[in-house]
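# Residue-level structural notes
So the chains spell out like this:
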Amino acid sequence: MELLNAFILLLNYTIIPAITYGSQLALGAIFVTLIYGVLRFANFATGDMMSFGTMFAVLLTFYFQSIGIGLGVLPTALLTLPFAIIAMILYMLFIDKFVFKYYRVSKSAPVQLAMVSVGVMFVTQAIIRIIIGPFDRRFLDGEKFILKASEFKEMTGLNEGLTIKSTQAITVVVTIILVSILFWFLNKTKTGTSMRAYSDNEDLALLSGIDPKRVVMLTWIIAGFLATVGGVLYGLDKSYKPFVYFNNMLPIFAAAIVGGIGNPFGAFLGGYVIAFAEIFITYAYKKFFTYILPESLEPDSLVQLLSTDYKFAVSFSILVIVLLFRPSGIFEGKKI
Amino acid sequence: MRKYLNIITAYSIMLFLIILVGIFQSWSTALTILNYCLISAVMTMGANIQWGYAGLINFGIMGYTALGGLAVVLVSVAPVPEAWSAGGINMLLSLFLIIGIVISVKFILKKFHDKKYKNYLIALSIILGVILIRIVSSPGIEAIESVDPAKTGFLGGLGLPVLFSWIVGGLLAAGLAFIVGKIALGLRADYLAIATLLIAEIVVSIVKHEDWLARGVKNVIGLKRPVPYEIDLQNSPWFINLVEKLNQGKLNLINSVSEQKDVLNQLVIDASSIYVKLCMTGLFLTVVIILLIVTQKALNSPWGRKMRAIRDNEEAAGAMGKNVVKEHLLIFILGSAIVGLAGAMMVTNDGLFTPGSYRPMRYTFVIWVMVIVGGTGNNFGAILGGFVVWFLWVEAGPMALFLINFFTTHLSDTNALKVHLIESAPYFRFLIIGIGLLLMMRYRPKGLIPEKINVKKF
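This structure is a prediction, so every number in the text was calculated from the model and none was measured. (Residues numbered from 1 in each chain as written. Chains lettered and ligands numbered in written order. Predicted model: local features only at pLDDT ≥ 70, side-chain atom pairs only at ≥ 80, totals over all residues.)

## Describing the overall build of chain A
- For chain A, the helix and strand inventory stands at 13 helices and two strands.
- Relative to the compact-globule value of 20 Å for 336 residues, chain A shows a C-alpha radius of gyration of 21 Å, a close match.
- Projected onto its principal axes, the C-alpha positions of chain A cover 70 × 55 × 35 Å.
- Taking all 336 residues of chain A together, 45% fall into the buried category. (Helix = DSSP H or I, 4+ residues; strand = E, 2+ residues; numbered from the N terminus. Rg over C-alpha atoms; globule rule 2.2 N^0.38 Å. Buried ≥ 20, exposed ≤ 12 C-beta atoms within 10 Å, placed from the backbone.)

Okay, here's the thing in structure tokens:
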């Protein structure tokens, strides 16, 4: 019984939030890694692009709510996703045509493209703040909980409650669907294979007749899906605030590099590595130990490795350790 | 002379713009902008040394700036004896433990050659050390933070003159750069950018959350100044006499004595704030000029040529027997030290230390825009970049507001679009900076004042 309580406690406060947060990071990390693999630069506008897509979803959600369209128990934001994705893709293709294309054609150094992406970051951030403002917005509607702590306690008779928020379930389900379609596309279809070929060796791919324009366009389209869905899921789960999205770029980068940049599957797992590390290291285990240890050994302190203030610092430290001992990432990415 | 014509023109335009601000807004605002321009110029020079001389991309500017600011607190604030007696011993013990960990890691690195075994030992010693530090330090931290938390709650500094902290800021930043350089300098350029950015985030989060060190997000206010205080000036007779003399004509126009006194009082108050800012400007200008002379000398020395050779072709320079790794580390440390110095200057200028304000947007990316816009590899360009971009960053809001009002004059004041645009005027600075950067990268990639390499012909 005590053990079961301890397990539920961990599940409720660490494992479920970590899986949710990890899924959101994973989508962003695949986005970073795809751009890095195919277009060959570190995209510093990642966070703001996610924010841009989410902004459309937020605005449309407010509009749909005002005219009374909804999905019942599910959040209205899911209904607005397709429109937001289309807007995001159009914006990305526009930016690519007028900004990135020039440097790609003239084969500029990756650093230069990274600096250009900083410019795109500034502009995107400005557009977002001018359109929607810098404020914190909640756009979650519909049913909030699938399982409430009190219901769970009644059902099982345990001391510890288990809460499952609907956003957590939606995040996991949507991530699984999107990522499986993506990996099926990359590994099984001809177009996906040509994309991977282009990412592995550009010259060889061009020689074998792969159209680079098509590959680049496809990459941006996939990136638009990942950025918008990742951003909306994060916004539903927490809230939408442009500054937070900009900051989220950092753990996303950490996830992409930890997983081996240029390797989508690595980035996917990297997201979970970062999320689990952040939450497990900053969780206070006092209650957990009171359940599993005999009374005489119960700890007095919080038994917390690091305070929650250092949540971001944890993921960055992991990145530093990975860079020191395995610079190409845990799952073998591109050579550096 | 012709060679320097474009430099002189560019700087004159910049000076003219700042004078315009003085005339249209106020001289106090103009001097504030000028001081910040000078500080930005120092930061940009630091970044330019790394990027322009050696091609190293450092997105960690924010971290070094924060360390420079921390140095001001640690050096100039008076020590808090109660806090030291409450938990000083614990903190000193923790410091020795950190040194112990470093020494033991070095020892392991030297003595053991089996790679797997070595890594496990290092991990073990670090984890054990961290646990020990936590056990030793946590009662100390609690005791220190409970000493009058509204006012102190930290160990305080050394109580030394504030100018001394500028050097210490540089040294602290150099120390951090040494560690970061050892970890990250072998990485490819864009990895280096990400790694330095993330390490800077770690540094800032430590400064933010270790309250015993510098009060964290509770801020330290009322820092010492290297220049006189306004209130002292307003009470010193020589200053009042000086203001009276300078404004003789204006004062003579007023007839009643009491009115004359009021006007003089107001003039003295205004003049005191301008005088203080001018003193700061003098100090900053001295720093900028000294740095400019030193960096120009370095750029045109054999060492500077070696750095350019390494930047332009690492393999070739390596083949010529130049130690690329060592030179990269050296230049990384030098550049970061200058950024640390700028961080200390900025906190001295503000008179307060606010760890919460260190954000990557303002302290990394804007500085990088300055470097790119000014001209990489050229110190005159770097300074100009600092001036231009800071000026835009500050004045973009008012300019946008003016333009919005101008283009929407035919709309009523309650028009939703107009109200929304006026509310979001401050964010136009991001737009202007971003578009400016994109245009520069596209049409003038070498910056406003491009790098000039003088090759002597034989």
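Having seen the structure, we can now continue with the description.
## A short note on the nonpolar core
- The biggest cluster of nonpolar side chains holds 215 residues, and the ones touching the most others in it are Ala254(A), Ala255(A), Val42(B), Leu198(B), Val369(B) and Leu437(B).
- Considering every element that reaches this core, the biggest residue donor is helix α2 (residues 27-54) of chain B, with 17 residues.
- Among the domains, domain 1 (80-155) and domain 2 (360-450) of chain B are the pair contributing at least three residues each to this core.
- Once residues within four sequence positions are removed from consideration, Val42(B) is found in contact with Val287(B), Val288(B), Leu291(B), Ile338(B), Leu341(B), Ala342(B) and Met345(B). (Core = buried A, V, L, I, M, F, W, Y, C linked by C-beta atoms within 7 Å. Domains from an automatic or database assignment. Contact = placed C-beta atoms within 7 Å.)

## Some words on the confidence of the model for chain B
- The pLDDT averaged across chain B works out to 88; a share of 98% of its residues lies at or above 70.
- Confidence estimates for the predicted assembly give a pTM of 0.90 and an ipTM of 0.89. (pLDDT = per-residue confidence, 0-100.)

## Comments concerning the interface of chain A and chain B
- Every contact between the two is made by 36 residues of chain A and, on the other side, 33 residues of chain B.
- When contributions to the side of chain A that touches chain B are tallied by element, the ones reaching two or more residues are α3 (77-105), α4 (110-132), α10 (242-258) and α13 (311-325) of chain A.
- Residue contributions to the side of chain A that touches chain B peak at 13 residues, all from α4(A).
- Within the side of chain A that touches chain B, the residues separate by chemical class into 29 nonpolar, five polar and two charged. (Nonpolar A, V, L, I, M, F, W, Y, C, P; charged D, E, K, R; others polar.)

## Describing the environment of Leu59(A)
- Position of Leu59(A) relative to the elements: it lies in helix α2 (residues 46-67).
- Leu59(A) sits in the partly exposed class, given 18 other C-beta atoms within 10 Å.

## Structural notes on the domain arrangement of chain B
- By domain assignment, chain B separates into domain 1 (80-155) and domain 2 (360-450).
- Placing the centre of domain 1 of chain B and that of domain 2 of chain B at their C-alpha centroids yields a distance of 44 Å.

## So, unusual backbone geometry
Residues and elements named next belong to chain B.
- Notably, Arg215 is not glycine yet its phi reads approximately 65°, a positive angle.
- Structurally, Arg215 is set in the loop between α8 (211-214) and α9 (230-235).
- One non-glycine residue with positive phi stands out, namely Asn219, at about 65°.
- If you trace the backbone, Asn219 turns up in the loop between α8 and α9.
- According to the C-beta neighbour criterion, Asn219 is partly exposed, with 14 such atoms within 10 Å.

## Some points on the packing of helix α6 (residues 166-188) of chain A against helix α7 (residues 190-200) of chain A
Residue and element names in this part refer to chain A.
- Look at α6 against α7: their axes get within 5 Å of each other, and the N-to-C directions meet at 75°. The angle between the axes of α6 and α7 places the two elements in the roughly perpendicular class. On α7, the residues that touch Phe185, Leu186, Asn187 and Lys188 of α6 are Gly192, Met195 and Arg196.
- Residue composition of the contact of α6 with α7, grouped by class: three nonpolar, two polar and two charged. (Axes fitted to C-alpha atoms, helices over the stretch in contact; angles between N-to-C directions. Parallel < 35°, antiparallel > 145°, perpendicular 65-115°, else oblique.)

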